[in-house]
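# Residue-level structural notes
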2 protein chains.
Amino acid sequence: MRVIVDAFGGDNAPLEIIKGAALAVAEYKVEVALVGREEEIRRTAQENGLSLEGIAVIDAPDVIGMEDEPKSILKEKKNCSMAEGLRRLAAGEGDAFVTAGSTGALIMGATFLVKRIKGVSRAALAPLMPGDKGPFMLIDSGANVECRPEMLLQFAHMGSIYMTRVMGDGRPARVGLMNVGTEDTKGGELQHEAFALLKKSGLNFVGNVEARDVPDNAADVVVADGFTGNVFLKTMEGTADIVMRNVKRLFLTDLRTKLAALLVKPYLKDFKKKMDTSEYGGAPLLGVSRPVIKTHGNSKASAVKNAIRVAADFAQKGVIEQIAAAVRPQEKAAEPEAEPAED
Amino acid sequence: MRVIVDAFGGDNAPLEIIKGAALAVAEYKVEVALVGREEEIRRTAQENGLSLEGIAVIDAPDVIGMEDEPKSILKEKKNCSMAEGLRRLAAGEGDAFVTAGSTGALIMGATFLVKRIKGVSRAALAPLMPGDKGPFMLIDSGANVECRPEMLLQFAHMGSIYMTRVMGDGRPARVGLMNVGTEDTKGGELQHEAFALLKKSGLNFVGNVEARDVPDNAADVVVADGFTGNVFLKTMEGTADIVMRNVKRLFLTDLRTKLAALLVKPYLKDFKKKMDTSEYGGAPLLGVSRPVIKTHGNSKASAVKNAIRVAADFAQKGVIEQIAAAVRPQEKAAEPEAEPAED
């Protein structure tokens, strides 16, 4: 199992990425290939006393940043570490790819350099979010701002396969459609049509889920168009942020509250960990023909380590093959020559 | 100033509604007319030692519940307290209307019994939400699941007028368009077109706002289609709920944390108050030709009292007239005989 890691993606590259790779190699039975400016990677490792044992280095001279247009990954920035990593992944030089770099560039690069699974109409970014009882998957979280109902059905299949195989306990993941109420008739045209498709999909479809119940684990896989999913994700982040900011402020009020803060401090850590999605290793980009994991731009070494573990899991659990099989019957209608699903 | 109040709306009717009315009459210079089963109102007041001084009672034999179809307010339930209250409002027997009853029935009833302001294409429910630095308005929060760009422009005008006149300090409210990023080009077709309209609207338009920044008061008026607005509202509620649930759990861990809870308890109340939207009196239903306030279904007396105060403010501050003037120029294009705006 070999995971290709973009050494120059995210805010803390390359140091935290190298550290994370070293941690992953030490902790899991996994090989890592770091992609990026080789000289800088080797120098950074040496200066920080990090061993590169078990880690290959693939040279890539350029870096794509947040300020670059996503499509530049195919043009001006085609020699960046992310593009090089994706090409190596496509060529079979690794089993999975991890990056903390630009989401837009990743979606563009993965779609054109690695390609989508045959029959998948759009790749979707599917982060694991912190629910009260454990993580749930949000698909799509923003890759596809405007969606057709058939896309939501594919998202549901892809998310269900991932959550059942990689995160689940074997029971089929509960799939819910994000909506403005739980009644079957809620929402607009997109929701009505997607609901009908999901109803007869054979998935463990629990119906419409309200955004209010989603953080309380109303479903394991929450399906939404990218616009709605993105609003949900950012509202959750923004709200948790102001609530925690207010709790912190409260603890700083006076001596009494400062004492209280000291008393709860050991437990606050557990709570923060629970709310911290980096534990789950980031977001799979589902629908692409090889395993790709996007980890948060501000990822530190431990988040990178987790992402490498999850990427290896993603590759090992046959998710891509299952998705290919699940989308094949749908593809059949449009392309009659396609073979029937094998499962 | 006379506020008509639906005595049989919400989970705590009629007792908490009567209490709230009595508090409002005592605290503000306002007359209240309670609508509902007169005999039950009078008996409840008597049994609970509540004075009905300054409170008129308008008899309405029926009640519309959450289980009733919204459109039943015009048919089977046309004699319910909400319908009767709206008819009295339309007839000029009061200056504003407050209900804690079914939102769907209210929108239907207000639209058909009170009518929209001439030129307004759809009424919008616009709750005041708890931002870190104070309340902001969300318009629309779910009345209109599918919207055209021109509707969002009208929502922006209506929200801006309300926030500037009723909640503001005289400076024009900052209007933002809910979107998946702050760049001008973000979002789908609806957002692109609405952005262009807002840009040349003459409003204090601050551009696209990300859901992450909205709870941190990125704008005073956040404009969204009803689907997106509803997802935002419920995500905020659901997230605040699980974060606070976890904080509470943390405090209950052991003796140390229970001691900490005692130390911060006096301050927790202030924080809860800050996050409690009922302080702001509920949500105006904007676009209707008379002031209508929807307060939360679980409203207790103090929330009802606040809603009555806000309803009186709404009526006093010339919001309806301003909205009528603001939408008139738009209407002109379609109806050339319309008069120019007078402001």
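Quick note: structure is the one above.
Keep in mind the model is a prediction, meaning the values are calculated, not measured.

Reading guide: rules and limits
Each chain carries its own residue numbering, running from 1 in the direction its sequence is written. By the order in which they are written, chains take letters starting at A while ligands take numbers starting at 1. Only residues with pLDDT of at least 70 are given local features in this predicted model, and only at 80 or more are side-chain atom pairs given and counted; all residues enter the totals for whole chains, interfaces and linings. Side-chain metrics in this entry use all non-hydrogen atoms of the structure; hydrogen atoms and water are not considered. The aromatic pairing rule takes the rings of Phe, Tyr and Trp, using the six-membered ring of Trp, and pairs them if the centres are within 6.5 Å, calling planes under 30 degrees apart stacked, those over 60 edge-to-face and the rest tilted. Only DSSP runs of H or I covering at least 4 residues are called helices, and only runs of E covering at least 2 are called strands; the numbering of each starts at the N terminus. Remark: exposure states derive from per-residue accessible area (1.4 Å probe, protein chains only) relative to the maximum for the residue type, with buried under 20%, exposed over 50%, and partly exposed in between. For a ring to carry a charge above it, either NZ of a lysine or CZ of an arginine must fall within 6 Å of the ring centroid while also lying within 35 degrees of the normal to the ring plane. Contact definition: two residues touch when any of their heavy atoms are within 4.5 Å. Take the accessible area each of two parts loses on contact, using a 1.4 Å probe, and add the two losses: that sum is the buried area. Note on definitions: salt bridges are taken to be side-chain nitrogens of Lys or Arg within 4 Å of carboxyl oxygens of Asp or Glu. Between N or O atoms, a polar contact is any pair within 3.5 Å; within protein, one atom must be a potential hydrogen donor and the other a potential acceptor, and residues adjacent in sequence are included only when both atoms are from side chains. Two strands form a pair only when DSSP identifies at least two bridges running between them. For helices, the fitted axis covers only the stretch in contact; all axes are lines through C-alpha atoms, and the angles between them, taken along N-to-C directions, range from 0 to 180 degrees. One less than the residue count of a helix, multiplied by 1.5 Å, gives the span that helix is expected to have.

## What to know about the packing of aromatic side chains
Residue and element names in this part refer to chain A.
- Considering all chains together, one arrives at seven aromatic pairs over all chains under this definition.
- With a centroid separation of 6.2 Å and an interplanar angle of 65 degrees, the aromatic rings of F136 and F232 are classed as edge-to-face. You can see F136 sitting in strand β7 (residues 134–139) and its partner F232 sitting in helix α7 (residues 226–251), a full 96 residues away along the chain. Of the two residues, F136 and F232, neither departs from the other in class, the shared state being buried.
- When the ring centre of F8 is taken as origin, the NZ or CZ atom of R37, which lies over that ring, is 5.6 Å away.

## Let's talk about the interface of chain A and chain B
- Each partner contributes to the interface: chain A provides 53 residues, whereas chain B provides 53 residues.
- Taken together, both faces of the contact between chain A and chain B bury some 4600 Å²; the carbon and sulfur share is 69%.
- Of all residues in chain A, R212, F227 and K234 of chain A give up the largest surface area on contact with chain B, accounting jointly for 14% of the area buried on that side.
- Here chain A and chain B share 10 salt bridges between them.
- Two residues, D132 of chain A and R249 of chain B, come together in a salt bridge whose shortest N-O distance is 2.8 Å.
- Our count for the contact surface shared by chain A and chain B stands at 20 residue pairs in polar contact (both at pLDDT 80 or more).
- Of all the secondary structure elements, the ones that give two or more residues to the side of chain A that touches chain B are β6 (128–131), β8 (175–179), α6 (189–199), α7 and α8 (255–275) of chain A.

## Some details on the sheet that holds strand β2 (residues 31–36) of chain A
All names here are of chain A.
- Across the sheet, which stays open at both edges, the seven strands sit in the order β3-β2-β1-β4-β12-β11-β5 with mixed pairing between neighbours. Edge positions in the sheet fall to β3 (55–59) and β5 (124–125), since each of these pairs with one other strand and no more.
- Set on the sheet, helix α3 (residues 81–90) makes contact with β1 (2–6), β2, β3, β4 (96–99) and β12 (292–294); between it and β4 the angle comes to about 170 degrees.

## With respect to the pairing of β4 of chain A
Residue and element names in this part refer to chain A.
- Going residue by residue along β4, you find A96 and V98 tucked away on one face and F97 and T99 tucked away on the opposite face as well.
- Two strands pair when backbone bridges link them, and β1 and β4 are joined in this way by three bridges, in the parallel orientation. By the bridge assignment, I4 is partnered in β4 with F97.
- The sheet contact formed by β4 and β12 spans three bridges and is parallel. When the sheet's bridge partners are listed, V98 is paired in β12 with I293.

## Re helix α7 (residues 226–251) of chain B
All names here are of chain B.
- In a regular helix each residue adds 1.5 Å, so 26 residues correspond to 38 Å; α7 covers 37 Å between its end C-alpha atoms and thus fits that length.
- Within α7, 20 of the 26 residues are buried, leaving the element largely enclosed by the surrounding structure.
- The residue sitting at the N-terminus of α7 and contributing the capping side-chain oxygen is D225; that oxygen lies 3.2 Å from the backbone nitrogen of F227.

Spatial relationships are all this shows, so hold off on functional conclusions.
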